[in-house]
Amino acid sequence: MAASSTYMKIISEFFPTIDGEIYQYVNGVLDTSAEHFDTSDDVYDAIGDVLKEVDEDKTDEEIMKLCDRMINIMKGGDLNSGAAHKALDAPIHLGQLAENMANRSEETASIWLVNKDRETQVDQKKLEKAEAKLRQKQQKVDVPVIKPVSNGDMASASQMSDRKVDRMETSGSNKTYDIRIENFDISYGDKKLLIGADMNLNFGRRYGLIGRNGKGKTTLLRMLSNGSLRIPSHITALHVEQEVVGDDTIALESVLESDEKRHRLLTEERSINNQLNEENRSNSKLSSRLAEIYHELEAMEADKAPAKAAVILSGLSFTPDMQKQCTKEFSGGWRMRLALARALFSKPDLLLLDEPTNMLDMKAIIWLENYLQTWPTTILVVSHDRTFLNSVTTDILHLHSQRLDAYRGDYEVFVKTRTEKLKNQQREYEAQKVYRDSIQVFIDRFRYNANRASQVQSKIKLLEKLPELKPLEKDQEVILRFPETDKLSPPVLQLDEASFYYSQDKVIFKDVCISACSESRICIVGENGAGKTTLLKILLGELDPVSGIRHGHRNLRIGYFSQHHVDQLDMNVTSIELLASRFPGLNSEAYRHQLGSFGVSGELATRSVASLSGGQKSRVAFSAMCMSNPNFFILDEPTNHLDVETIEALGKALNKFQGGVILVSHDERLIRNVCKELWVCKDRCVRSIEGGFDEYKKLVEEELAALK
């Protein structure tokens, strides 16, 4: 028999005529708070006063004996232990008991309200007093612990602490790798990001954390990694956030060192061998320890670690020569890939990834998707890439309205489930509104009719008892608006037999012939280092081809969005001030209108750029890009930092734009929605690929299969 049913069986046989409202209240208290009761006094404090109202003939001693029996059962005792009790004439059926109670109630007036018997047997004030005592009890058990983040960070978190979990943690008996954080808050300065949120991460599942820009996704990951939100101490968490420090460490060795246990054992093994060689004699103690080290290294297959690390680096596009380079020789983007490789190699219990695809080309993204599908521990990943989320995640956590909602399934399942959920909520809201309105019509019609006075009063009380009517919470639709422009006659932008190299032995392109017009929607793809950025600079006119010709229309105005634009914004000014400094001479309303076209409106426009999220900074960069009214866009990784909804809006805006578009992106959905042509940079040439993105993805997957 379930514990809750056991408690209620004892109470129902002790109080056969217990009122339905009291029955439900007591059942709820025992069902939700039993684990916090340590003594029969605790049980009495929670429900004793309420039970005395059921039968005034019962003494305090009798009710205390009843509480003794229940605490005994809670601690694993026998149902029949404790005070003697009267045997029932027949087994009690709780379902029948509930049915009998329901029959004593008046008929329901609507699907939301049941009119209970006004002559309830319990004193409402004493019921409230009992509830207050229970809250005091729980407050002693669950103490909020507020832990600030590192110095200089405006973020802070508070979390309810469970005494039972604390005892397990202190005694070392907490062995679970599931993570359960209940009733926690996160703030950033004065802004509340999460209030009373719950998060459950089951070991071995892969969670996608999604939500609008600025809602707190990155902050939540940092709270988990730096200990501001407490998780069991035996669980290792790793947040891939900082790039690897550039020094003389070889890239492959940097990855191997991330396995701290292996690195520590090998270091100790070298130290012991050096001591034995220096002493030039046997040392039984050192030799014994050396044998233990060899045994541990063999058990963890330490000899296979270099091959495993090399596979990870290769999957992230590190060539064999690059794996032998020092970390200081890599750019920041490649050192971020090294940080990701270290995390994948060390396999923490909780892997925290924040936009991992931002630093990767298409080949590395596809490899990472396949690699994470067999990941053995828990993953919590923030990503804007719908294809990546669908490939990797088993669950979705949706951060919105200062709370977290959990959904089983990948991103597409989430979209369908949430859409249906919102439809149901809207139907419920409309039905409740119709019901309320019908009551209000009756009240307004007969308010001054003496014959209907009692009915009107009844309807007024009924209306007051109905739950608060709240409209459906909907995220505001994201809309991006690019300026209108005139179409240019072709050719707008063209390379004819263009070649480029930095040195004779390092040719980037040779004999490239490409062209674009106002109707062009072109995506440039290729591995990192294949020359995509160099090609963009030639198209922009920042670099001249060594041979061949670049031709641009005489009225061509290019709007260029660099993936580094966000980092190059002045962080110490507001968005309005930033536009005014770059494009002086306009009034404040003009700058506000421009920012509003990209969703930076109201209070956001007057905040410092530094306080904006990555996605909001990207919108400011778009605003600045469009101030010169360009008629052709060249966009380099524009989706970095944008949330899923903003990427969808970007795709729609690009399709409406009247000028041409050349795009460098790894976001599969954006490419499919916008681009009609694909340019592939590979083997010192640029060619248009037939079959579009599907054909390119097929070629990449074939290359990855050949590497296995």
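Our structure is the block above this text.
1. Topic: the nonpolar core
Here's step 1: The biggest cluster of nonpolar side chains holds 71 residues, and the ones touching the most others in it are Leu344, Leu372, Phe482 and Phe633.
Here's step 2: At nine residues, helix α14 (residues 332-346) tops the list of elements feeding residues into this core.
Here's step 3: Residues within four places of Phe482 in sequence aside, it is in contact with Phe598, Phe622, Met625, Cys626, Phe633, Leu650, Ala653, Leu654 and Phe657.

2. So, empty space enclosed by the protein
Here's step 1: One pass over the structure, following the stated rule, counts five cavities of 30 Å³ or more.
Here's step 2: Considering only enclosed or pocket space, the largest cavity measures out at about 50 Å³ in volume.
Here's step 3: Lining the largest cavity we find Met362, Ile365, Ile366, Glu369, Asp385, Thr387, His666, Glu668 and Lys697.

3. What to know about the packing of aromatic side chains
Here's step 1: Within the structure shown, the criterion is met by 16 aromatic pairs.
Here's step 2: Here a set of aromatic residues connected by ring pairs shows up, and it is made of Phe482, Phe561, Phe598, Phe622, Phe633 and Phe657.
Here's step 3: Against the face of Phe446 rests Arg452, its NZ or CZ located 4.2 Å from the ring centre.

4. So, the sheet that holds strand β14 (residues 547-552)
Here's step 1: In space, the three strands of this open sheet follow the order β12-β11-β14, with antiparallel pairing throughout. Looking at which strands have only one partner, the edges of the open sheet turn out to be β12 (506-516) and β14. If you compare each strand with its neighbour and ignore which way they point, the axes differ by 25° on average.
Here's step 2: Contacting β11 (493-503), β12 and β14, helix α19 (residues 532-540) runs over the sheet at an angle of about 125° to β11.

5. Quick word on the pairing of strand β3 (residues 179-188)
Here's step 1: With five bridges joining them, strand β2 (residues 155-161) and β3 adopt antiparallel strand pairing. The residue bridging Ala155 from the neighbouring strand is Tyr188, located in β3.
Here's step 2: Across seven bridges, the pairing between β3 and strand β4 (residues 191-201) is antiparallel. Its bridge partner being in β4, Ile186 is matched across the sheet by Leu194.
Here's step 3: Count of turn residues in the β3/β4 antiparallel hairpin: two residues, of which Gly189 carries a positive phi of about 65°.

Reading the values: the criteria
Residues numbered from 1 in each chain as written. Predicted model: local features only at pLDDT ≥ 70, side-chain atom pairs only at ≥ 80, totals over all residues. Heavy atoms only, no water. Core = buried A, V, L, I, M, F, W, Y, C linked by side-chain atoms within 4.5 Å. Buried < 20%, exposed > 50% of the residue type's maximum accessible area, 1.4 Å probe, protein only. Helix = DSSP H or I, 4+ residues; strand = E, 2+ residues; numbered from the N terminus. Contact = heavy atoms within 4.5 Å. 1 Å grid on protein atoms, 1.4 Å probe; cavity = no way out; pocket = protein on both sides within 12 Å on 5 of 7 lines; lining within 4 Å. Points joined across faces, edges and corners; volume = space filled by probe spheres on them. Phe/Tyr/Trp six-rings, centres within 6.5 Å; stacked < 30°, edge-to-face > 60°. Lys NZ or Arg CZ within 6 Å of the ring centre and 35° of its normal. Pairing = 2+ DSSP bridges. Axes fitted to C-alpha atoms, helices over the stretch in contact; angles between N-to-C directions.

Geometry only, nothing functional implied.
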